[in-house]
Amino acid sequence: DLETGKPHMGSKSGYGWMSGPAIKPIALRVVFELAQAVKIPIFAVGGITKGEDVIEYTMAGATAVQVCTQGIIEGAKAFGRIAKETNDWLDSHGYSSLDEIRGITIKYMKNIKENNYITVPPKVYLDKCVGCGICKVVCGYKAVEIENKKATINVDKCFGCGVCTSKCPTQALLIPR
Ligand SMILES: Cc1cc2nc3c(=O)[nH]c(=O)nc-3n(C[C@H](O)[C@H](O)[C@H](O)COP(=O)(O)O)c2cc1C
Ligand code: SF4
Ligand code: SF4
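Residues numbered from 1 in each chain as written. Chains lettered and ligands numbered in written order. Predicted model: local features only at pLDDT ≥ 70, side-chain atom pairs only at ≥ 80, totals over all residues. Heavy atoms only, no water.

1. Some thoughts on the site of ligand 2
Around ligand 2 sit 14 residues, and of these C129, C132, G133, C135 and C168 come closest. Considering only residue class, the shell around ligand 2 consists of 11 nonpolar, three polar and no charged. (Near = heavy atom within 4 Å. Nonpolar A, V, L, I, M, F, W, Y, C, P; charged D, E, K, R; others polar.)

2. Points about the domain arrangement of the chain
By the assigned domains, the chain splits into domain 1 (21-114) and domain 2 (123-174). Centre-to-centre separation of domain 1 and domain 2, based on C-alpha positions: 35 Å. (Domains from an automatic or database assignment.)

3. Focus on the pattern of salt bridges
Inspection of the entire model under this criterion finds 10 salt bridges. Close ionic contact of D53 with K24 constitutes a salt bridge, the shortest N to O distance being 2.8 Å. Within this pair, whereas D53 is found in helix α2 (residues 51-59), its partner K24 is found in helix α1 (residues 24-37), the two being separated by 29 residues in sequence. Of the two residues, D53 and K24, neither departs from the other in class, the shared state being buried. In this structure, R102 and D99 form a salt bridge, with 2.7 Å as the shortest nitrogen-oxygen distance. Since its relative accessible area comes to 23%, R102 is described here as partly exposed. (Salt bridge = Lys/Arg side-chain N within 4 Å of Asp/Glu carboxyl O. Helix = DSSP H or I, 4+ residues; strand = E, 2+ residues; numbered from the N terminus. Buried < 20%, exposed > 50% of the residue type's maximum accessible area, 1.4 Å probe, protein only.)

4. Some details on the environment of T165
Relative to the elements of secondary structure, T165 occurs in helix α7 (residues 163-167). Overall, T165 belongs to the partly exposed group, its relative accessible area being 22%. Linking T165 and T49, residues 116 residues apart in sequence, is a C-alpha distance of 29 Å. Those residues within four positions of T165 in sequence are excluded, and the remaining contacts are P122, L173, L174 and I175. One polar contact links the side chain of T165 to the main-chain carbonyl oxygen of G162, over a distance of 2.6 Å. (Contact = heavy atoms within 4.5 Å. Polar contact = N/O pair within 3.5 Å; in protein donor to acceptor, adjacent residues only side chain to side chain.)

Right under this line is the structure:
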């Protein structure tokens, strides 16, 4: 607590548990790393509230998933809903089972490493660029110059981090997929 310096938690130690969506990015990363390190099944858990979360964990290498917090908040119907959303996502994307997407992120990253991935710099859409220079300010790699009131990217310096694309007020920068 900012005013008193006391912990918010009521426990003897001052610590509490963290669960729900706040831990999903961390748990997802851990599943991704574990799936590359071990051959045993991985049951992923942490912040699963919807079908897309199941898809993400499966793509990162999960064998199965668990849900705790959402079941407490929403009640038992959460499990059927999440399962249905997962199936609907698979159907709408042309997959017949989770096996078809399991670990595809790992395969993708392995492919990138083996094929000497080349940085993809953003493309500048000159008709949208108003020359404000925000991209030049936010680029930590000094890869942007403003010439004749238009942004230009030095592809040799660009790291492909995408910061400029997220800050451009006119969506004049886009990293091609
Ligand atoms: C109220 C509550 C009780 C929990 N009890 C246990 C437990 O007894 N054993 C255990 O391994 N994990 C326990 N957990 C952790 C959950 O199994 C789960 O790993 C964690 O909450 C993250 O998933 P979630 O975001 O779906 O809740 C508990 C979590 C909560 C919120
Ligand atoms: S932030 Fe966008 S609009 Fe501004 S100079 Fe850069 S590309 Fe052009
Ligand atoms: S993608 Fe990153 S490194 Fe490249 S120009 Fe934009 S901010 Fe700079």
